[in-house]
Amino acid sequence: MNPNSFPTKGNLILAKNSLALASQGYQLMDKKRNILIKELMGLIEEAKDIQSEIDVTFTSAYKALQRANIELGIDYVQDIAMAVPVDHTVKIKTRSIMGTEIPLAEYGEMPLNLTYAYYSTRASLDEAREQFEKVKKLTVRLSTVENSAYRLANSIKKTQKRANALKNITIPRYEALTRNINNSLEEKDREEFTRLKVIKRNKNKI
C-alpha cells in the first residue's frame, strides 16, 4: 500500500499539492498545444503558397530549358550546366517554439556570374538559369517550412499525449485520493467527536 494514501493530514496536503501541480501542468500542456497548432496552421498555409509558386516557376524554367536544348543542343547545355559552381551558401540554424527546435535555412545569394559566353548561347539559356535560380530559393524556403511543420506535428502529438495522461489519469487519481483521505479524516473526526460525547455523558452520570 502506498504510504501517501494513508488518511493523515500530511498526506492530504501532499495529495492536494500534487493535484494542483497536475492541474497546472495540464493547463500548460494545453496552452503549449494550442500555440503549436497555431504555428503549424500558419506553416501549412505558407507551404501551400510556396508550392504553388514553385510549380509555376518550375514550369517556366523547364520551358526555357526545352527551348535552350532545341536551340543549342542537349549535350552543349549539359556541358554548360556542369560548369556552374556548387552553391555552399545554404546554412541551417535552429530556433525554438515552446521548446520545439525547428530548422531555419538561411540562403546567401551568390552573384549570378555566368560561366559561358554570350556569343555562343541564346537568351533561352539565360532565362532557364534565372528561373532555376528562383526554384532553388523557393526550394530552400519550402524545405524549411515542411521540416518545421513535421517537427511541430510530432511535438503536438507528444504534447497531446501528455495532456491526455494528466487529464484522464493523473488528475482523476489525485482527485480520488484527496477525496478518500478527506472522507476518512472527516469520519475519524466524527468518531472522535462521538467518543468524546460518550465520555462526557458517562462523567456526568457519575
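Just so it is clear, the structure is predicted and the values come from calculations on it, not from any experiment.

### Description of the overall build of the protein chain
- When helices and strands are tallied, the protein chain shows three helices and two strands.
- Element order for the protein chain, N to C, with α for helix and β for strand: α-α-β-β-α.
- When contacts within the protein chain are restricted to residue pairs at least 6 apart in sequence, those whose partners lie at least 24 apart make up 76%.
- Element-wise, carbon and sulfur atoms account for 56% of the exposed surface of the protein chain, whose accessible area totals about 14,200 Å².

### A look at the packing of aromatic side chains
- Going through the model one piece at a time under the given rule, you end up with three aromatic pairs.
- Ring geometry for Phe58 and Tyr62: centres 5.6 Å apart, planes at 15°, overall stacked. One end of the pair, Phe58, and the other, Tyr62, are both in helix H1 (residues 9-72), four residues apart, so they sit about a helical turn from each other.
- Between the aromatic rings of Tyr62 and Phe132, the centroid separation amounts to 5.4 Å while the plane-to-plane angle is 85°, which identifies the pairing as edge-to-face. Of this pair, Tyr62 sits in helix H1 while Phe132 sits in helix H3 (residues 123-205); the two residues are 70 residues apart in sequence, bridging distant segments of the chain.
- Take Phe132: its relative accessible area is 27%, and that puts it in the partly exposed class.
- What links up through ring pairs into an aromatic cluster is the set Phe58, Tyr62 and Phe132.
- A cation over a ring is seen here: Arg173 above Tyr174, with NZ or CZ 5.4 Å from the ring centre.

### A look at the environment of Lys16
- By the secondary structure assignment, Lys16 is in helix H1.
- Sequence separation of Lys16 and Arg179 is 163 residues, and the distance between their C-alpha atoms is 9.6 Å.

### Topic: a nonpolar patch on the surface
- Taken together, the side chains of Ile37, Met41 and Ile44 present a nonpolar region at the surface, about 220 Å² in accessible area.
- Along the chain, the position of Ile44 falls in helix H1.
- On the accessibility criterion, Ile44 (31% relative accessible area) is partly exposed.

### Topic: H1
- If you check H1, its first and last C-alpha atoms are 90 Å apart, about what 64 residues at 1.5 Å a residue would give, namely 94 Å.
- Just downstream of H1 lies Gly73, where phi reads positive at about 100°.

### Some thoughts on the confidence of the model for the protein chain
- Predicted confidence across the protein chain gives a mean pLDDT of 84, with 89% of residues reaching 70 or more.
- Of all secondary-structure elements in the protein chain, the lowest mean pLDDT belongs to strand E2 (residues 100-107), at 82, while H1 reaches the highest, 91.

### Topic: the nonpolar core
- With 14 residues, the main nonpolar core has Ile50 and Leu152 as its most contacted residues.
- Of all the elements in the fold, those that place two or more residues in this core are H1 and H3.
- Setting aside anything within four residues of it in sequence, one finds Ile50 in contact with Leu138, Arg141, Leu142 and Val145.
- Ala22, Met29, Ala163 and Ile171 belong to the second largest nonpolar core, which has six residues in total.

Basis of the calculations
- Every chain is numbered independently, its residues counted from 1 as its sequence is written.
- Totals for whole chains, interfaces and linings use every residue, but because this is a predicted model, local features are given only for residues with pLDDT of at least 70 and side-chain atom pairs only at 80 or more, for both listing and counting.
- Side-chain metrics rest on all non-hydrogen atoms present in the structure, leaving aside hydrogens and water.
- Helix and strand assignments follow DSSP, with helices taken as H or I runs no shorter than four residues and strands as E runs no shorter than two, numbered in order from the N terminus.
- Contacts are assigned to residue pairs that have any heavy atoms within 4.5 Å of one another.
- The accessible surface values rely on the Shrake-Rupley method and a 1.4 Å probe; as for residues, cover is taken only from the protein chains in view.
- To pair, rings of Phe, Tyr and Trp, with the six-membered ring standing in for Trp, must have centres within 6.5 Å; the planes then decide the type, stacked if under 30 degrees apart, edge-to-face if over 60, and tilted in the middle.
- Per-residue accessibility, obtained with a 1.4 Å probe over protein chains only, is compared with the maximum for each type, and a residue is labelled buried under 20%, exposed over 50%, and partly exposed between these values.
- In this scheme, Lys NZ or Arg CZ marks a charge over a ring once it lies within 6 Å of the ring centre and within 35 degrees of the ring normal.
- Here a patch means residues that are over 30% exposed by relative accessible area and free of salt bridges, tied together within 9 Å if like-charged and within 5 Å if nonpolar (Val, Leu, Ile, Met, Phe, Trp, Tyr).
- Salt bridge, as used here: a side-chain nitrogen of Lys or Arg that lies within 4 Å of a carboxyl oxygen of Asp or Glu.
- Here the expected span of a helix is defined as 1.5 Å times the quantity of residues minus one.
- Confidence of the predictor at the level of single residues is captured by pLDDT, which takes values from 0 to 100.
- Nonpolar cores were defined as sets of buried Ala, Val, Leu, Ile, Met, Phe, Trp, Tyr and Cys residues, with membership established by side-chain atoms within 4.5 Å.

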